[in-house]
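Structural characterization, general
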Amino acid sequence: MYAFSRSVRFAPGNLRDAMTWATEVREQVNQITGLGVRLFTQVWSPELGRVSWACFVPDLPALEAANDKLLADDSFAAKVDQGARFLSGGPDDTLAQILHGTPDPSRTVEYATAVRAVCTPGNIQRGIEVGMEIAQKAESITGLPTLFTSGATGVYGQVSWATGHENVQSIDAAQAALMGDPSWMELIDNNGEVYAQTPSPMQVVLRRVP
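Considering the overall build of the protein chain
Within the protein chain one finds 6 helices and 8 strands. When the helices and strands of the protein chain are placed in sequence order, the string is β-α-β-β-α-α-β-β-α-β-β-α-α-β. Its C-alpha atoms give the protein chain a radius of gyration of 18 Å, near enough to 17 Å, the size a compact globule of 210 residues would have. In terms of principal-axis extent, the alpha carbons of the protein chain reach across some 55 × 35 × 35 Å. In the protein chain, buried positions account for 41% of the 210 residues.

Structure (structure tokens):
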């Protein structure tokens, strides 16, 4: 199974119109493809103003079929063109293979926290092993399901962890639980050489757009 997202960053100004356009794109994509795409915006994080359309697909043929439907739909092409005035630069796609965890579409998620890192040269296998251990440890401490993925596109050796939260209080509780558990910090500190420090691992918080 794969996690796919397409993100854009809004230029300053016209925020309300830009968000309306982004939600209309989500609805149109779901009508055409049936993928169940969700829309998120980054909050309290670098690159404020970035929004992402995200979904899960069972395999690449399913993603290809959805993309072909969108490319063949003139109304969708017109909607994409309409949004060009809102954007700063072009879109970025992210495709990652899910190595740990199973997405639950029925679960209520208002926020998601994500951490991205890149394995150091010669440590890709170890980075995946440690990454799965980190995901399992986070689940045992917080009680929340955590996805661990390996990048199928983008920076080679990139991995990521993502946790869905039903509300902002859940983020608070999870953060407090992790920081209060010595075994968590020990696991992170003991494997510092596995992931590159330049660029540093990136943490972001995303909020779902209704």
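Some remarks on the pairing of strand 6 (residues 146-151)
With 5 of 6 residues buried, strand 6 lies mostly within the body of the structure. Here strand 6 pairs with strand 7 (residues 158-165) via 5 bridges, running antiparallel. Residue pairing for strand 7: Thr146 is matched across the bridge by Thr163. Following strand 6, the chain reverses through 6 residues before pairing antiparallel with strand 7; Gly154 in that reversal takes a positive phi of roughly 85°.

Some details on the sheet that holds strand 3 (residues 50-57)
A barrel is described by the order of its strands in space; here 8 strands give the closed sequence 1-3-2-8-5-7-6-4, paired in antiparallel fashion. Each adjacent strand pair in this sheet contributes to an overall mean axis angle of 35°, direction not counted. Sheet topology note: the strand 1 (residues 2-9)/strand 4 (residues 92-100) ladder contains 6 bridges and is antiparallel. Looking at the pairing, Tyr2 lines up with Gln97 of strand 4. Sitting on the sheet, helix 4 (residues 124-142) touches strand 4, strand 6 and strand 7, and the angle it makes with strand 6 is about 165°.

Quick word on the packing of helix 1 (residues 15-33) against helix 3 (residues 74-82)
Two elements in contact, helix 1 and helix 3, have axes separated by 10 Å at closest approach and are oriented at 160°. As the angle between them shows, helix 1 and helix 3 are arranged roughly antiparallel. For helix 1 against helix 3, the interelement crossing comes out left-handed. In contact with Trp21, Glu24, Val25, Gln28, Val29 and Ile32 of helix 1, helix 3 contributes Ser75, Phe76, Lys79, Val80 and Gln82. Grouping the constituent residues of the contact of helix 1 with helix 3 by class yields 6 nonpolar, 3 polar and 2 charged.

Examining the layout of surface pockets
The volume enclosed by the second largest pocket comes to roughly 880 Å³. Looking at the second largest pocket, it is lined by 31 residues, and the ones nearest its centre are Val115, Leu178, Trp184, Ile188 and Gln203. When residues of the lining of the second largest pocket are traced back to their parent elements, those giving at least two are strand 5 (111-118), helix 4, strand 7, helix 5 (168-179), helix 6 (182-189) and strand 8 (202-208). Residues of the lining of the second largest pocket, tallied by class, amount to 20 nonpolar, 11 polar and no charged.

Brief notes about the pattern of salt bridges
A full pass over the atoms with the stated rule returns 7 salt bridges. Across the salt bridge formed by Lys79 and Glu24, the nearest N and O atoms sit 2.7 Å from each other. Of this pair, Lys79 sits in helix 3 while Glu24 sits in helix 1, placing them 55 residues apart in sequence. In this structure Lys79 comes out as buried when scored by relative accessible area, which is 14%. For Glu24, a relative accessible area of 33% puts it in the partly exposed group. In this structure, the salt-bridge partner of Arg126 is Glu129, at a minimum N-O distance of 3.8 Å. In this pair, Arg126 and Glu129 both sit in helix 4, 3 residues apart, roughly one turn of the helix. Judged by its relative accessible area of 35%, Arg126 falls in the partly exposed class.

Rules of the game
- Residues numbered from 1 in each chain as written.
- Predicted model: local features only at pLDDT ≥ 70, side-chain atom pairs only at ≥ 80, totals over all residues.
- Heavy atoms only, no water.
- Helix = DSSP H or I, 4+ residues; strand = E, 2+ residues; numbered from the N terminus.
- Rg over C-alpha atoms; globule rule 2.2 N^0.38 Å.
- Buried < 20%, exposed > 50% of the residue type's maximum accessible area, 1.4 Å probe, protein only.
- Pairing = 2+ DSSP bridges.
- Axes fitted to C-alpha atoms, helices over the stretch in contact; angles between N-to-C directions.
- Contact = heavy atoms within 4.5 Å.
- Parallel < 35°, antiparallel > 145°, perpendicular 65-115°, else oblique.
- Left-handed = near helix turned anticlockwise from the far one by under 90°.
- Nonpolar A, V, L, I, M, F, W, Y, C, P; charged D, E, K, R; others polar.
- 1 Å grid on protein atoms, 1.4 Å probe; cavity = no way out; pocket = protein on both sides within 12 Å on 5 of 7 lines; lining within 4 Å.
- Points joined across faces, edges and corners; volume = space filled by probe spheres on them.
- Salt bridge = Lys/Arg side-chain N within 4 Å of Asp/Glu carboxyl O.

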